[in-house]
Amino acid sequence: MRRQRRGIRGAVAAALALILAAALGPPAAAQAAPGPVPAASQRSGDAKGPVGWDTYRGLDRLPGLTSGVQTKQFSSFDRTGGNDHDGFDGRYSCLRESDAGCVIAEHRGAGEVGALWFTRDGGDVSRTGNLTVELDGRKVVDAPLQDVVDGKLGAPFVRPLVGNADDSSGGVYIEVPMPYRESMRITTERNPLFHHVSHRTFADADGVETFDPGDPAEDVVRTLRKAGTADPKSPLPGAATAKAKLDLAPGETQTLARTNRPGLLSALQVRLPEAEHVAPRTESDEGRAFGEGGSSEFTVAVDPDNDGVRLTRRLDPSIDEQVAAIHVDGEKVAEWPASEPAGGGVWAEQSVELPASATAGKSRITVTNEFVSSSLDYNEFTYWVDSMVGGEARRTDTVDVADAADETAHAYAITGQAWEGEHTFALALNEDELADARAARKLLEGLRLRISFDGRRTVDSPLGEFFGSGQAMNDARSLMYGIDAESSTLSAWWPMPFSSRATVELYNGSDTAVTAGDAEVTSAPSAAHARAVRSGAQGVFRTDSHAGPTEEGRSWTFLKATGQGKFAGVTHSMEGPANRFFLEGDERVYVDGARTPQIHGTGSEDFYQAGWYFNRETFSTPWHGNPTHLGGVTGCGEGKDCTGAFRLMLHDAVPFSSSIDFDIEHGPTNDVAADYSSTAYWYGRSEPSGHRTDTLTLGNAESERAHDYTSAVPGPVQGLDSRFEGDLRHAPALEADTRATRAPVSFTLATDRRNQGVELRRLSDQRSAGQHVKVSVDGVELPDWQQPLANSERRWLEDVYQIPGRVSAGKGEITVTLTPVDGAPAWSAASYRVHSLR
């Protein structure tokens, strides 16, 4: 999202191994207790995993791998591939207009609404009006959006399941999982500008109960309100905790725990007192800003015996190149120099010497500041006036901008006002504090947590980033991990199943010896979890961590993987220009080789469900947060901004059957240089659970004959040369033939007889919105295939229709009939690809 006025409201190894083995108990696999039964064993044939509130009532089931589930997102992203229309003018915010307002999301078939996020007007969403959520034809939410995110509707729409701009630093969110069996539509009374709606779609409605807004889900709320401080999972029978004192020289590895009891690791904790929490002092101040053609004026007291006056201004330095002419009693006498950018939400001050020729002999002077230039505006919060008398500075007045009484007392006036508000910014650390902050950062980045399951290392991540804050020992409070900064304690509660053995290690890649602190690792025996890992019903816990400079024209990768799995979250550390322009980058997610992203966002801080470059203080919620914001004087590089953020996707985890490519831009079009580091959390296995079994190419006579493609009016073959949404601007276009028809079409496609469901992937021209057909497979009627999206510039679209296993399992081929709905645009297709799922 483009910058607006921003603010902050950021021992011997052998002996140790024997001790840990004793603490964890006998290694014999035969002693494994049954433990909780994973999802695949509890619900035979249910491949969805938990739905609705059950996600949070059974977090030990998080490793379960799903089938017939997709995670998608509607958002206001710029359909042209640029950055200027991500929501600023609302051009792409509505899928369509209805009598009720702006439709921002809709789907036919079974699914679940995940996360809703909005922002506008600095985070005040009052002007969006009502939010209406309709599930299966019933309104489950119909109230002013601002009231919803303020928690005024009551349970279950209470904190932390909802949050306003103060809770989420410029953005508002709703994280209430809302399942539906047949249909979903979300509407806002007026254009909401910026938004995203994540949702899951299911191949069938088996086991899905429509969301009940009357269920307060009090148990879930209680769990969520303890986020970051306690294990959110239910206790496991037979759990044991191994403890170890940290003693780790540079370049060494220390084993923290080792177990041969099949089951799962359920908790990790590291206390690292040598990485201190250094909290910058902050001050809040109200202020104003004016833009081109604007000015401000005020009258102040000076000493008549002055030999000149020093005028000092407090400003927000994130807005660079601020220059203004200074007039005293109508005469131009000086100019405020161009402000230097400074990141990290810190205050800056500038001083200008006003000549005695304009001030001597006067007891009062009127100062006028007149706009000359700025990257955005000229801002002012406080002015201090020092009269220079006999070579000494004597404070003779102070102007507190935006304080009504003080402005009146100083006859303050402003023209061309562009902003008014309050910032809470940090003051510079002293040298000792700065040294402590940088020492802590070196340890958090240099120590690496390494975990191996069944002889294979799947976790190798910077310690701080793994637990939620990579750049400073700051508080982080997510549901699956947290940091208590005051005690320098880092905790995580991911369920990590394994089939035979697990090892947890800490490697010291820093140049500092670790001689204090301790670690705890909790594991539990569970034959059921071990079986689930061996069978592929559950994935092994994994991270993908890497760090380095960004590359121009290339997005930063969070996760690029093959096999079957699901993405569950990321912690992201960014260091870049003080103006934070790197935050303009959008996230994009491509699943199973798709050419259209299933998720396409509107900005980096928007992905973390905040807004306006995180325009409040640092924060944490159970799902997302911005625990770190540093400048050069608070622990970042000189003239740089350091921003740390995290996002968990739990009830909206992103499943994939063969591959995933999850990335994020740096800057509007990958054009802002920065240093990034990220740790993605996911579950997976190396074997894919889906593969392509057939492709029908329209316009190709041989392919149409081979697939018995029939239609009374198939539509003419027309060529299309265009791009996909999500393609970078320099990406090559695709040229292919398409057909569009309003008549029924039928075709036969080959499937794997062992399939447990099929995904039908259509390549089409999305110039016209609202394409809609009725679907039957081998004579069985299924939910309609409706596509509300449209794009007249990037016309290629690849969308997916999910066919349940009850109509495809055991078959080597299926016949699909698509019947366009009256009044809908012609149904377009260039090809249909079949992915058989197992």
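Whatever comes next refers back to the structure up there.
The structure contained in this document is the topic of the report that follows. (Residues numbered from 1 in each chain as written. Predicted model: local features only at pLDDT ≥ 70, side-chain atom pairs only at ≥ 80, totals over all residues. Heavy atoms only, no water.)

Here we look at the overall build of the protein
Thinking step 1. Each helix and strand counted, the protein has 13 helices and 54 strands in total.
Thinking step 2. For the protein, whose C-alpha radius of gyration is 29 Å, the value lies close to the compact-globule estimate of 28 Å for 838 residues.
Thinking step 3. Counting over 838 residues, the protein shows a buried share of 62%.
Thinking step 4. With an accessible surface of roughly 29,700 Å², the protein has 45% of that area assigned to carbon and sulfur atoms. (Helix = DSSP H or I, 4+ residues; strand = E, 2+ residues; numbered from the N terminus. Rg over C-alpha atoms; globule rule 2.2 N^0.38 Å. Buried < 20%, exposed > 50% of the residue type's maximum accessible area, 1.4 Å probe, protein only. Areas by Shrake-Rupley, 256 points an atom, 1.4 Å probe, with all protein chains shown as cover.)

A short note on the packing of aromatic side chains
Thinking step 1. What the rule picks out here adds up to 34 aromatic pairs.
Thinking step 2. Ring centres 6.1 Å apart and planes at 25° place the aromatic pair Phe453 and Phe498 in the stacked group. Remark: Phe498 occurs in strand E30 (residues 496–498) and Phe453 occurs in strand E25 (residues 447–453); sequence separation between them is 45 residues. Neither residue differs from the other here; Phe453 and Phe498 are each classed as buried. (Phe/Tyr/Trp six-rings, centres within 6.5 Å; stacked < 30°, edge-to-face > 60°.)

Digging into the side chain of Arg314
Thinking step 1. Tracing the sequence through the fold places Arg314 in strand E16 (residues 309–315).
Thinking step 2. We classify Arg314 as buried; its relative accessible area is 7%.

Things to note about the sheet that holds strand E50 (residues 780–787)
Thinking step 1. One open sheet holds the four strands; their spatial order is E47-E52-E49-E50, and the pairing between them is antiparallel. One side of each edge strand has no neighbouring strand; the edge strands of this open sheet are strand E47 (745–750) and E50. Going from strand to strand, the sheet's axes swing by 25° on average, the running direction of each strand aside. (Pairing = 2+ DSSP bridges. Axes fitted to C-alpha atoms, helices over the stretch in contact; angles between N-to-C directions.)

Quick notes on the sheet that holds strand E22 (residues 382–389)
What links the strands of a sheet is backbone hydrogen bonding, and the strands pair in either a parallel or an antiparallel sense.
Thinking step 1. Taken together, the four strands give an open sheet; going across it, the order is E19-E16-E22-E23, and neighbouring strands pair in antiparallel fashion. The strands lining the two open edges of the sheet, one partner per strand, are strand E19 (348–354) and strand E23 (392–400). Taking each pair of neighbouring strands and ignoring which way they run, the sheet shows an average axis angle of 20°.

Section: a negative patch on the surface
Thinking step 1. Taken together, the side chains of Glu276, Glu431, Asp432 and Asp436 make up a negatively charged region of the molecular surface.
Thinking step 2. Checked against the element boundaries, Glu276 lands in the loop between strand E14 (263–271) and strand E15 (282–301).
Thinking step 3. For Glu276, a relative accessible area of 39% translates into the label partly exposed. (Patch = residues over 30% accessible without salt bridge, like charges linked within 9 Å, V, L, I, M, F, W, Y side chains within 5 Å. Salt bridge = Lys/Arg side-chain N within 4 Å of Asp/Glu carboxyl O. Lys, Arg positive; Asp, Glu negative; His and termini not counted. Charge placed at Lys NZ, Arg CZ, Asp CG, Glu CD.)

Focus on empty space enclosed by the protein
Thinking step 1. Put simply, the largest cavity is a space of about 120 Å³.
Thinking step 2. Residue lining of the largest cavity: 16 residues in total, with Thr66, Val69, Phe656, Ser657 and Glu759 positioned closest to the centre.
Thinking step 3. Contributions of two or more residues to the lining of the largest cavity are made by strand E1 (69–75) and strand E41 (654–656).
Thinking step 4. Top contributing element to the lining of the largest cavity by residue count: E1, with three residues.
Thinking step 5. Of the voids in this model, the second largest cavity is the one considered here, and its volume is about 80 Å³.
Thinking step 6. What lines the second largest cavity is simply Glu276, His277, Val278, Ala437, Ala440, Gln471, Ala472, Met473, Asn474, Leu630, Thr634 and Gly635.
Thinking step 7. For the lining of the second largest cavity, a count of residues per class yields six nonpolar, five polar and one charged. (1 Å grid on protein atoms, 1.4 Å probe; cavity = no way out; pocket = protein on both sides within 12 Å on 5 of 7 lines; lining within 4 Å. Points joined across faces, edges and corners; volume = space filled by probe spheres on them. Nonpolar A, V, L, I, M, F, W, Y, C, P; charged D, E, K, R; others polar.)

So, the nonpolar core
Thinking step 1. Formed by 92 residues in total, the largest nonpolar core has its most connected members in Ile174, Met178, Ile186, Phe466, Phe467 and Trp494.
Thinking step 2. Top element by residues in this core is E25. It accounts for four residues.
Thinking step 3. Setting aside anything within four residues of it in sequence, one finds Phe466 in contact with Leu268, Leu449, Val459, Ser461, Tyr481, Ala492, Trp494, Phe541, Thr543 and Tyr681.
Thinking step 4. In this structure, Phe558, Leu583, Phe662 and Tyr676 belong to the second largest nonpolar core, which totals 30 residues. (Core = buried A, V, L, I, M, F, W, Y, C linked by side-chain atoms within 4.5 Å. Contact = heavy atoms within 4.5 Å.)

Thoughts on the environment of Ile365
Thinking step 1. Following the sequence through the fold, Ile365 ends up in strand E20 (residues 364–373).
Thinking step 2. According to the relative accessible area criterion, Ile365 is buried, its value standing at 1%.
Thinking step 3. With 35 residues separating them along the chain, Ile365 and Gly330 place their C-alpha atoms 9.9 Å apart.
Thinking step 4. Setting aside residues no more than four positions away along its own chain, Ile365 makes contact with Phe298, Thr299, Val300, Val302, Val328, Asp329, Leu354, Ala358 and Thr359.

Focus on the state of the cysteines
Thinking step 1. What the rule picks out here adds up to two disulfides.
Thinking step 2. Each sulfur of the disulfide joining Cys94 and Cys102 lies 2.1 Å from the other. Because the sign of the S-S torsion sets the handedness, a value of about -120° for the bond joining Cys94 and Cys102 places this disulfide among the left-handed ones. Cys102 matches Cys94 in its accessibility class, with the two residues each being buried.
Thinking step 3. Shown here is the disulfide that connects Cys636 with Cys642, its sulfur atoms set 2.1 Å apart. An S-S torsion of about 75° defines the bridge between Cys636 and Cys642 as right-handed.
Thinking step 4. Disulfides within the protein link the bonded cysteines, taken in sequence order, as 1-2, 3-4. (Disulfide = S-S within 2.5 Å.)

Some words on the pairing of strand E10 (residues 183–188)
The two faces of a sheet get side chains in turn, since along a regular strand they alternate between them.
Thinking step 1. In this structure, strand E3 (residues 101–108) lies alongside E10, joined through six bridges in antiparallel fashion. The residue of E10 that forms the bridge with Arg108 is Ser183.
Thinking step 2. Judged from the five bridges that link them, strand E5 (residues 130–135) and E10 form a sheet pairing that is antiparallel. Residue pairing in the sheet places Val133 in a bridge with Ile186 of E10.

Focus: the environment of Arg754
Thinking step 1. When you line up the elements, Arg754 lands in the loop between E47 and strand E48 (757–765).
Thinking step 2. Owing to a relative accessible area of 52%, Arg754 belongs among the exposed residues under this scheme.
Thinking step 3. Leave out the neighbours within four places in its chain, and Arg754 touches Leu837 and Arg838.

Section: unusual backbone geometry
Thinking step 1. For the bond running from Ala155 to Pro156, omega is 10°, close enough to zero to count as cis.
Thinking step 2. Relative to the elements of secondary structure, Pro156 occurs in the loop between helix H4 (145–149) and strand E7 (162–163).
Thinking step 3. Between Arg159 and the following residue, Pro160, the backbone shows a cis peptide bond with an omega angle of 5°.
Thinking step 4. Tracing the backbone through its elements, the reader meets Pro160 in the loop between H4 and E7.
Thinking step 5. A positive phi is found at Tyr613, a non-glycine position, where the angle reads about 60°.
Thinking step 6. Note that Tyr613 resides in the loop between helix H11 (604–607) and strand E38 (619–620).
Thinking step 7. Look at Tyr613 and you get buried, because its relative accessible area is 0%.
Thinking step 8. With a phi close to 55°, Asn670 is a non-glycine residue in the positive phi region.
Thinking step 9. Positionally, Asn670 belongs in the loop between strand E42 (659–664) and strand E43 (675–685).

Here's the deal with the side chain of Arg441
Thinking step 1. When you line up the elements, Arg441 lands in helix H8 (residues 431–446).
Thinking step 2. For Arg441, the contacting residues outside a window of four places in its chain are Gln471, Glu575, Gly635, Cys636 and Cys642.

Some details on the pattern of salt bridges
A pair can form between side chains of opposite charge whenever their charged atoms are brought close.
Thinking step 1. One pass over the structure, following the stated rule, counts 50 salt bridges.
Thinking step 2. Here Glu335 and Lys332 are joined by a salt bridge, their closest N and O atoms 3.7 Å apart.
Thinking step 3. A salt bridge links Glu505 to Arg457; its shortest N-O distance comes to 3.4 Å. Placement of Glu505 in strand E31 (residues 502–508) and of Arg457 in strand E26 (residues 456–462) is noted, with a sequence separation of 48 residues between them.
Thinking step 4. Exposure remark for Glu505: the relative accessible area of 15% places this residue in the buried category.
Thinking step 5. Of the residues examined, Arg457 reaches a relative accessible area of 42% and is grouped as partly exposed.
Thinking step 6. One connected set of salt bridges, linked through shared partners, spans Arg120, Asp121 and Arg127.

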